[in-house]
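Working through the structure, step by step
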Amino acid sequence: MTRTAEAMPQGLAALDVTTKPSLAGLTRAGLAEALRAIGTPDREIRMRVSQLWHWMYFHGVRDFDAMLNVSKVMRAKLAEHFSLTRPEVVEEQVSSDGTRKWLIRMPPVDKLEASRSLGAEVECVYIPESDRGTLCVSSQVGCTLNCTFCHTGTQKLVRNLTTQEIVSQLIVARERLGDFPGLTPPDNGLIPSGEGVRAVSNIVFMGMGEPLYNFENVRDAVEILSDGDGLSLSKRRITVSTSGVVPEIGRLGEEAGAALAISLHAVRDELRDKLVPLNKKYPIKELLQACRDYPGASNARRITFEYVMLKGINDTPAEARELVRLLKGIPAKINLIPFNPWPGAPYECSDWETIEKFSDIVFNAGYASPVRTPRGRDILAACGQLKSETEKLRARARLAAETD
């Protein structure tokens, strides 16, 4: 018998009474809660959680019957009440450079979404390189920050993603890329492969949303992603990018231990107020002090400062020198990002000669200053270009409801 939404443990992704909630993406505590809800004895909980964890996150199984060290009786009970369903991939786009973008639809998480038969949608992006594969994940549906150079910022915030929804993006990506044992990678020669090589080696929270406005779910997701018995990504390879939510930066270092990236983009408060309106609340001086105090920051674990190059706006040699001055004493590297255009964008990308001069000034001051190669521009998958169809679909759903 399928359990109703009200009877299921909090956090399980399903409210439709005809749908079994999925366990894929849950924390250890969430799995324990789910097991208790179906009457599993307390003495078995820890063992059962470990079994589920290994099969879900190391092997990536989609069926309880594949869990060979779990008894048939227990597998049947799990299958009666739960599933291992992943979110739906609505669309997959593959760039000419091998970058992949997925539009992913999550199951409804509340009665409102369920009544509209419309789960939240987010985009995540996979970027293959010769020595690594980076997955850019989203933490919110939409965004509240309204950064004027960012396409995602033009989409209003719908809601935070749950821990389960964040982790599910990696599960979907690894499955699509053949990155679980026994699966075959897509045959295009652009995905890192070979014995011991993982298609997804790095995670960046640089997709839709401001991660530190969804702190608890992001923190818990980092724990799942880095757990050595499952997905097993090093925390050194998990980077959380923030536009400057100063009160949560220290907590990120203390409670998650992830690498930190700062979406900076300006060296003067009056300009950053326009580019990144959050600066009006947490100005540059406060932001950089939080970076100086970031737990674990060192020359071996440098903070990344992201700086999008906007023609005639923030790209002068004087601004490069001021950037160097501001970052003095912070173990840092600076990623220079050529602006990625999107329909209606009010900016242009700096000329390549200008970017090189800016980079040289920063580099000669002793900072690594790589210029990020634009990836996936042809499918609007590059930095700052992500924007789902959620709002359009919600509008259609509202219109249909009004018509009915």
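Everything below is about the structure shown above.
Predicted model, so just to flag it, every value in this text is computed and none were measured.

Within the chain, the regular secondary structure consists of twelve helices and eleven strands. When each of the 404 residues of the chain is scored for burial, the buried share is 53%. In the chain, of all internal contacts separated by at least 6 residues, the share reaching a separation of at least 24 is 67%. For the chain, the exposed area adds up to about 17900 Å²; of that, 50% sits on carbon and sulfur atoms.

Let's shift gears to the packing of aromatic side chains. All told, the structure shown has three aromatic pairs when counted by the stated rule. Centroid distance Trp-53 to Tyr-57: 4.7 Å. Interplanar angle 80°. Geometry classified as edge-to-face. Taken as a pair, Trp-53 and Tyr-57 lie in helix 2 (residues 42-59) at a separation of four residues, close to a single helical turn. No difference in accessibility class separates Trp-53 from Tyr-57, as the two residues are buried. Ring geometry for Phe-339 versus Tyr-347: centroids 6.3 Å apart, planes at 80°, classification edge-to-face. Both residues of the pair, Phe-339 and Tyr-347, belong to the buried class. Of note, Arg-28 hangs over the ring of Trp-53, and the distance from its end group to the ring centre comes to 4.3 Å.

This part covers the nonpolar core. The biggest cluster of nonpolar side chains holds 110 residues, and the ones touching the most others in it are Leu-23, Leu-135, Phe-149, Ile-203, Phe-205 and Phe-305. Per element, the largest residue contribution to this core is seven residues, and it comes from helix 2. Leaving out residues up to four positions away in the same chain, Phe-305 has contacts with Ile-262, Leu-264, Leu-288, Cys-291, Leu-327, Ile-330, Ala-332, Lys-333, Ile-334 and Asn-335.

The next subject is unusual backbone geometry. Of note in the backbone geometry, Asn-146 takes a positive phi value of approximately 55° without being a glycine. Structurally, the position occupied by Asn-146 is in the loop between strand 5 (140-141) and strand 6 (159-160). Owing to a relative accessible area of 44%, Asn-146 belongs among the partly exposed residues under this scheme. Look at His-265: it is not a glycine, yet its phi comes out positive at around 75°. Take His-265: it is sitting in the loop between strand 9 (259-263) and helix 8 (269-275). For His-265, a relative accessible area of 2% puts it in the buried group.

Let us look at the sheet that holds strand 9. With respect to topology, nine strands assemble into an open sheet ordered 1-2-3-4-7-8-9-10-11, the strand pairing being mixed. If you trace the sheet from one side to the other, it starts and ends with strand 1 (88-94) and strand 11 (332-338), each paired once. Across the sheet, the axes of successive neighbouring strands diverge by a mean angle of 20°, strand direction being ignored. The pairing of strand 4 (residues 133-136) with strand 7 (residues 202-205) spans three bridges and is classified as parallel. Looking across to strand 7, one finds that Cys-136 is bridged to Val-204. Along the sheet face, helix 11 (residues 352-364) touches strand 10 (303-309) and strand 11 and points at about 175° away from the line of strand 11.

A few words now on the state of the cysteines. Evaluation of the coordinates by the stated rule reveals zero disulfides. No disulfide involves Cys-147; its sulfur sits 6.2 Å from the nearest other cysteine sulfur, which is in Cys-150. A relative accessible area of 9% places Cys-147 in the buried class.

The next subject is the packing of helix 10 (residues 317-326) against helix 11. It is the contact of helix 10 with helix 11, at a shortest axis distance of 9 Å, that shows an interaxial angle of 30°. Viewed along their axes, helix 10 and helix 11 adopt a mutual orientation that is roughly parallel. Both helix 10 and helix 11 take part in a crossing whose hand is right-handed. Of the residues in helix 11, those touching helix 10 at Pro-317, Glu-319, Ala-320, Arg-321, Leu-323 and Val-324 are Phe-358, Ile-361 and Val-362.

So, on to the environment of Glu-88. Residue placement: Glu-88 occurs in strand 1. Glu-88 sits in the partly exposed class, given a relative accessible area of 42%. It is 9.8 Å that separates the C-alpha atoms of Glu-88 and Trp-102, two residues lying 14 residues apart in sequence. Once residues lying within four places of it in the same chain are set aside, the contact partners of Glu-88 are Leu-103, Ile-104 and Arg-105.

Relative to strand 2 (residues 100-105), strand 1 is paired through six bridges, and the arrangement is antiparallel. Paired with Glu-92 across the bridge in strand 2 is Trp-102. The turn linking strand 1 back onto strand 2 is made up of five residues, and Gly-98 within it adopts a positive phi angle of 95°.

The terminal C-alpha atoms of helix 5 (residues 163-176), which comprises 14 residues, lie 20 Å apart, in line with the 20 Å expected from a rise of 1.5 Å per residue. Among the 14 residues that make up helix 5, twelve are buried, leaving the element largely enclosed by the rest of the structure. A positive backbone phi angle near 65° is found at Gly-178, which sits one or two residues after helix 5.

Turning our attention to the side chain of Thr-163. Along the chain, Thr-163 falls in helix 5. For Thr-163, the side chain forms a polar contact with the side chain of Asn-217, separated by 3.1 Å. Excluding its chain neighbours within four sequence positions, the residues that come into contact with Thr-163 are Gly-25, Thr-27, Glu-216, Asn-217, Asp-220, Ala-221 and Ile-224.

Overall, the coordinates contain 26 salt bridges when judged by the stated rule. Between Arg-86 and Glu-175 there is a salt bridge, with its nearest N and O atoms 3.2 Å apart. Here Arg-86 is found in the loop between helix 3 (72-81) and strand 1, whereas its partner Glu-175 is found in helix 5, with 89 residues between them in sequence. Residue classification places Arg-86 among the buried positions, given a relative accessible area of 9%. In this structure, Glu-248 engages Arg-251 in a salt bridge whose closest nitrogen and oxygen atoms are separated by 3.0 Å. Taken together, the positions of Glu-248 and Arg-251, both in helix 7 (residues 246-256) and three residues apart, correspond to about one turn of that helix. Counted as one network, the salt bridges with shared partners bring together Glu-216, Arg-219, Asp-220, Glu-248, Arg-251 and Glu-255.

Reading the values: rules and limits
- Residues numbered from 1 in each chain as written.
- Predicted model: local features only at pLDDT ≥ 70, side-chain atom pairs only at ≥ 80, totals over all residues.
- Heavy atoms only, no water.
- Helix = DSSP H or I, 4+ residues; strand = E, 2+ residues; numbered from the N terminus.
- Buried < 20%, exposed > 50% of the residue type's maximum accessible area, 1.4 Å probe, protein only.
- Contact = heavy atoms within 4.5 Å.
- Areas by Shrake-Rupley, 256 points an atom, 1.4 Å probe, with all protein chains shown as cover.
- Phe/Tyr/Trp six-rings, centres within 6.5 Å; stacked < 30°, edge-to-face > 60°.
- Lys NZ or Arg CZ within 6 Å of the ring centre and 35° of its normal.
- Core = buried A, V, L, I, M, F, W, Y, C linked by side-chain atoms within 4.5 Å.
- Pairing = 2+ DSSP bridges.
- Axes fitted to C-alpha atoms, helices over the stretch in contact; angles between N-to-C directions.
- Disulfide = S-S within 2.5 Å.
- Parallel < 35°, antiparallel > 145°, perpendicular 65-115°, else oblique.
- Left-handed = near helix turned anticlockwise from the far one by under 90°.
- Expected span 1.5 Å × (residues − 1).
- Polar contact = N/O pair within 3.5 Å; in protein donor to acceptor, adjacent residues only side chain to side chain.
- Salt bridge = Lys/Arg side-chain N within 4 Å of Asp/Glu carboxyl O.

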